[in-house]
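Reading the structure
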Amino acid sequence: MMNLDIDNSIKNGVLYLYDHQLPNGEFCCYISADDEMKMCVTHSNVFPTSLIAYSLLNLRSIPEVNEILEKCAAFLQYHIMRGGAWNNFTVLNPLFPICPPDVDNTVCASLVLQKLGKPSIDNSGLILANRTTKGLLYTWFTLRPKLNPSKNYWLLSLREFKHPIKTFLFWRNTEASRYDVDAVVNANALLYLGLNEKTIVMLNYMIEIISSEREGDCDSWYRNPFTIYYFFSRNYKAGIKELAPIVKLMTDRILHNIKPDNSFGESVLDTALSIISLINCNHDSIVLDQAIKYLIEQQNRSGGWIRRGVYYGGPKKRTTFGSEEMTTGFCLEALALYKIHKGKQNNEN
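Below is a short write-up of the structure.

Parameters at a glance
Residues numbered from 1 in each chain as written. Predicted model: local features only at pLDDT ≥ 70, side-chain atom pairs only at ≥ 80, totals over all residues. Heavy atoms only, no water. 1 Å grid on protein atoms, 1.4 Å probe; cavity = no way out; pocket = protein on both sides within 12 Å on 5 of 7 lines; lining within 4 Å. Points joined across faces, edges and corners; volume = space filled by probe spheres on them. Helix = DSSP H or I, 4+ residues; strand = E, 2+ residues; numbered from the N terminus. Nonpolar A, V, L, I, M, F, W, Y, C, P; charged D, E, K, R; others polar. Salt bridge = Lys/Arg side-chain N within 4 Å of Asp/Glu carboxyl O. Buried < 20%, exposed > 50% of the residue type's maximum accessible area, 1.4 Å probe, protein only. Polar contact = N/O pair within 3.5 Å; in protein donor to acceptor, adjacent residues only side chain to side chain. Contact = heavy atoms within 4.5 Å.

In this section: the layout of surface pockets. Within this model, the largest pocket holds a volume of roughly 560 Å³. Taken together, 24 residues line the largest pocket, and the ones lying closest to its centre are Asn 58, Lys 237, Ala 238, Asn 280 and Leu 337. Going through the elements one at a time, α2 (47-55), α4 (103-115), α10 (225-237), α12 (268-280) and α14 (324-348) are the ones with two or more residues in the lining of the largest pocket. The dominant element in the lining of the largest pocket, judged by the number of residues it contributes, is α14, at seven residues. Taken together, the residues that form the lining of the largest pocket break down as nine nonpolar, seven polar and eight charged.

In structure tokens:
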């Protein structure tokens, strides 16, 4: 019965996203100034499409998912910038000329195109040229008073001179800084670039954050520890076993936040991220079964999980981002991973 419920839930969730994807391949994103996102407006963004596409990769056996992913890929390819970089905002957004491209959008979009086997520009040199003296990655491709060997870095950064006053106000009025170094950005870059002598500093950075219990304040835009666990655990799932020292720490902290109704944290989104992280960390217990049951029960008749919830936003949460489509994407990823996880168990028995 449980397998049937999961299959129906996945089917309905996929159809929800299929019906809610925009003709250009984009998925809706809302911008707000509060956690519940009751007062919000739509914002044309690249990032939600990258995240949702990645969440659907394990469901490519479903025809509608393949159609969704093809449209996502075309959307991402259309918005690629010089050197293989991406901006958070689409060309339709008035903030596109002002906001600099960033590493997080760049590696997440690149990961999706890589997984889908789509042709893309080799942007590893550009990404690695955006490092601090300690080897960690800056979040933004933007002007800083230091030498940089990458021609594409300079051509991207010099966009600022087209709108000098607006650019000045952007850095002054937003919560971003030219010198931001964020944990998730480095974790996602590690996942994309792989572990090597140039990225091992990112690995050590992640281990230090969890070991010192700083996951709630290690990133300017991801202020939710469950999001940190999600992105960090993806690296372990991908085979970076050097993260083993923090796997039990993350697992224990997630399990410590289980609620009497078998949810995690404060939302459906937190629950989905927790399930994914636990499976990525090779955890197995009845807790997963109960959390999946809770997730299915929270699904709306429309097929989606309609509680938005903040997925990312600045430290003071002047600006927060989220959408029903994003929440639905993570719920589908949780269900798909759980189904694969149980399938492996059955094969072993």
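Next, the rest of the story.
Here we come to empty space enclosed by the protein. In this structure the tally under the stated criterion is one cavity of 30 Å³ or more. In this model, the largest cavity occupies a volume close to 40 Å³. Class assignment of the residues belonging to the lining of the largest cavity gives a composition of six nonpolar, two polar and two charged.

Our next topic: the pattern of salt bridges. Scanning the model with the defined rule gives 11 salt bridges in all. The shortest N-O distance in the salt bridge between Lys 293 and Glu 297 comes to 2.6 Å. Pair noted here: Lys 293 and Glu 297 are both in helix α13 (residues 286-297), with a separation of four residues, about one helical turn. The class for Lys 293 is partly exposed, based on a relative accessible area of 46%.

Relative to the helices and strands, Thr 142 resides in the loop between α5 (124-128) and α6 (151-157). Residue Thr 142 is classed as buried on the basis of its relative accessible area, which comes to 0%. Within polar-contact distance, the side chain of Thr 142 engages the side chain of Arg 178 at 2.9 Å. Other than its neighbours up to four places away in sequence, Thr 142 contacts Pro 100, Tyr 153, Ser 157, Glu 160, Trp 171 and Arg 178.

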